[in-house]
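Results of the structural survey
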Amino acid sequence: MNSPIMTEAEHITWLRVDVGLAMSARREASRLAKRVGLPPDRVSAVELAATEAATNLQKHAVDGALALRVTRSGPRAAVEFVATDTGPGIAHLASALTDGTSSTGTLGVGLGAIARLADVFDIHTLPGRGTTVLAQFWAGEEARRAEPAGIDAGGLTRPIGGEELCGDTWALRSANASAGRGTGDGPGLVPAQGPGDGPGSASGTGPGGGSGLVSANGPGSVSETGPGDGSAQEVTSPGPDAGPVLAMMCDGLGHGPQAARAGDVAREAFRDSAHTRPHRVLEDLHRALRGTRGAAVAVARVDFAAGTVEFSGVGNVSAFLVRDERRSSLLSVPGIVGHHMPHTRSFSAEAGPGSVLVMHTDGLSDRWSPQTFPGLFARRSTVISAQILREAGGRRDDIGILAVKAPRP
């Protein structure tokens, strides 16, 4: 490996809403907390928070799930859970976030206490549609006190129903050529213009390219973060000056163990690639994936400081730049990485202030609109991914989604 990976997909335990959800959530949260080395008092905090989140789902959700995993940022690790539901939403969020408030007659700790217990807490609710809650518990006092640094990136994967392994995966790493990676790849960019979802500001044309940014600011968010210590700063991916990063989304063909193997191979090749231009990274992945089922893969080089995104994709992976509640498409070309890959090049697009890159596989419908998620794109990246998955995800395919945005000021 030429440089450490910033963050990547981890195994997720998905627990659907049923009568045993609270007990299962507590048991899995405890197991993960001990795995990352949390002290006993923090293990108890994770258990309590996960149990309350699960009980809220049981009481309020029409449908929903709790996802638990270990998440990493460089050498640091945390237990994370994401609770998503289709339900009534939260009409009075500020009241619900008051510590000790519980409308369900459960443990009496409520969302406010989850926010207080967690090192990172975020929530986004859509009245009449549903809510996503994020909580992270970081191992080590230094990590718990850390201020944001670098890019805010977070994603989710979920296997098709009946499978334990997921063929969809993602990863994020530094794109600094000076970070020991060996090559900056030189020029070769084509300004992109593709059929976006609104009037774009693309800077030219190129075959198979994505579009430039589109935009206008929309209504304010109905979401809020928790009070006091519950709104602790998220420990984001390390990186000086929030420099450029490379993001990969991969959809291993088919489902099950062989699709998961293709995803694992792609992720390892992405880590090891010495290149910093998306089309060159794709070429490395193409060589690595020979002998596997192959995959649809997209790679983006994101530099929010410079206001640019470079993109190259092969196969059915969707990518969008979202800004001011509008989005523009970054287009991939037909093919299968590892089998039949066309000549590749990177296409450029503008990423103005406040832009968010969203990449996902075809397990999610690409017909979602930022305008139907008021306030969402100001939230943390994992919450963005979870809310889109909740509304656009199906159960007849593996799912992978990743959101990447500039760090909070």
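Presented here is a report on the structure given in the accompanying data block.

Analysis parameters
- Residues numbered from 1 in each chain as written.
- Predicted model: local features only at pLDDT ≥ 70, side-chain atom pairs only at ≥ 80, totals over all residues.
- Heavy atoms only, no water.
- Phe/Tyr/Trp six-rings, centres within 6.5 Å; stacked < 30°, edge-to-face > 60°.
- Helix = DSSP H or I, 4+ residues; strand = E, 2+ residues; numbered from the N terminus.
- Buried < 20%, exposed > 50% of the residue type's maximum accessible area, 1.4 Å probe, protein only.
- Polar contact = N/O pair within 3.5 Å; in protein donor to acceptor, adjacent residues only side chain to side chain.
- Salt bridge = Lys/Arg side-chain N within 4 Å of Asp/Glu carboxyl O.
- Pairing = 2+ DSSP bridges.
- Axes fitted to C-alpha atoms, helices over the stretch in contact; angles between N-to-C directions.
- Parallel < 35°, antiparallel > 145°, perpendicular 65-115°, else oblique.
- Left-handed = near helix turned anticlockwise from the far one by under 90°.
- Contact = heavy atoms within 4.5 Å.
- Nonpolar A, V, L, I, M, F, W, Y, C, P; charged D, E, K, R; others polar.

This brings us to the packing of aromatic side chains. As enumerated under the stated definition, the model contains three aromatic pairs in all. Where F320 meets W368, the ring centres are 5.4 Å apart and the plane angle is 80°; that geometry is what we call edge-to-face. One end of the pair, F320, is in strand β13 (residues 317-323); the other, W368, is in the loop between β16 (356-361) and α8 (381-392), and 48 residues separate them in sequence. Grouping residues by exposure puts F320 and W368 together as buried.

Right, let's talk about the environment of S355 for a bit. For S355, the location among the structural elements is in the loop between β15 (346-350) and β16. On the basis of relative accessible area, S355 is assigned to the buried category, the value being 2%. For the pair S355 and R323, spaced 32 residues apart in the sequence, the C-alpha separation amounts to 4.7 Å. Separated by 2.6 Å, the side chain of S355 and the backbone oxygen of G352 make a polar contact.

Attention now goes to the pattern of salt bridges. Taken as a whole, this structure holds 17 salt bridges when the rule is applied. A salt bridge links E310 to R277; its shortest N-O distance comes to 2.6 Å. A residue pair is termed long-range when its members are at least 10 positions apart, and E310 in strand β12 (residues 308-314) and R277 in the loop between α6 (256-272) and α7 (278-288) qualify at 33 residues. A salt bridge links R390 to E391; the shortest N-O distance between them is 2.8 Å. Through salt bridges with shared partners, a single ionic network connects E8, D264, R267 and R271.

Attention now goes to the pairing of strand β11 (residues 295-303). Of all nine residues in β11, nine are buried, a share of seventy percent or more. Pairing between strand β10 (residues 245-252) and β11: eight bridges, direction antiparallel. Counterpart to M249 in the pairing with β11 is A298. One ladder, built from seven bridges, connects β11 with β12; its direction is antiparallel. Across the sheet, A298 pairs through a bridge with G313, a residue of β12.

Time to look at unusual backbone geometry. A positive phi angle is found at D324, which is not glycine, with a value near 55°. Secondary-structure assignment places D324 in the loop between β13 and β14 (326-329). Its identity as a non-glycine residue notwithstanding, E325 has a phi of 65°, on the positive side. Structurally, E325 can be placed in the loop between β13 and β14. Take E325: its relative accessible area is 14%, and that puts it in the buried class.

Think of two packed helices as two axes; the pair is described by the angle between the axes and how far apart they sit. Packing of helix α2 (residues 40-60) against helix α4 (residues 110-117) brings their axes to within 10 Å, and their N-to-C directions diverge by 150°. Accordingly, the angle class assigned to the pair α2 and α4 is roughly antiparallel. The crossing of α2 and α4 is left-handed. Listed contacts from α4 to R42, A45, L48, A49, E52, A53 and N56 of α2 are G110, L111, I114 and L117. Split into classes, the residues belonging to the contact of α2 with α4 amount to seven nonpolar, two polar and two charged.

All right, on to the sheet that holds strand β4 (residues 76-86) then. Each strand in a sheet pairs with another by means of backbone hydrogen bonds, the pair being arranged parallel or else antiparallel. Strand order across the open sheet formed by five strands is β2-β3-β4-β6-β5, with antiparallel pairing between neighbours. Bordering the open sheet on either side are β2 (13-16) and β5 (120-126), each of which pairs with just one other strand. This sheet shows a mean twist of 15° between the axes of neighbouring strands, independent of strand direction. As judged from the 11 bridges shared by strand β3 (residues 63-73) and β4, these two strands associate in the antiparallel manner. By the bridge assignment, R69 is partnered in β4 with E80. Against the sheet, α8 makes contact with β2, β3, β4, β5 and β6 (130-138), and its axis sits at roughly 145° relative to β6, the strand it touches most.

Moving on, we come to the side chain of H124. Looking at the secondary structure, you find H124 in strand β5. Overall, H124 belongs to the buried group, its relative accessible area being 0%. Among the polar contacts made by the side chain of H124, one reaches the main-chain amide nitrogen of L376 at a distance of 3.4 Å. Side chain to side chain, H124 and Q387 meet in a polar contact 2.9 Å long.

All quantities given are derived from atomic positions and should not be read as evidence of function.
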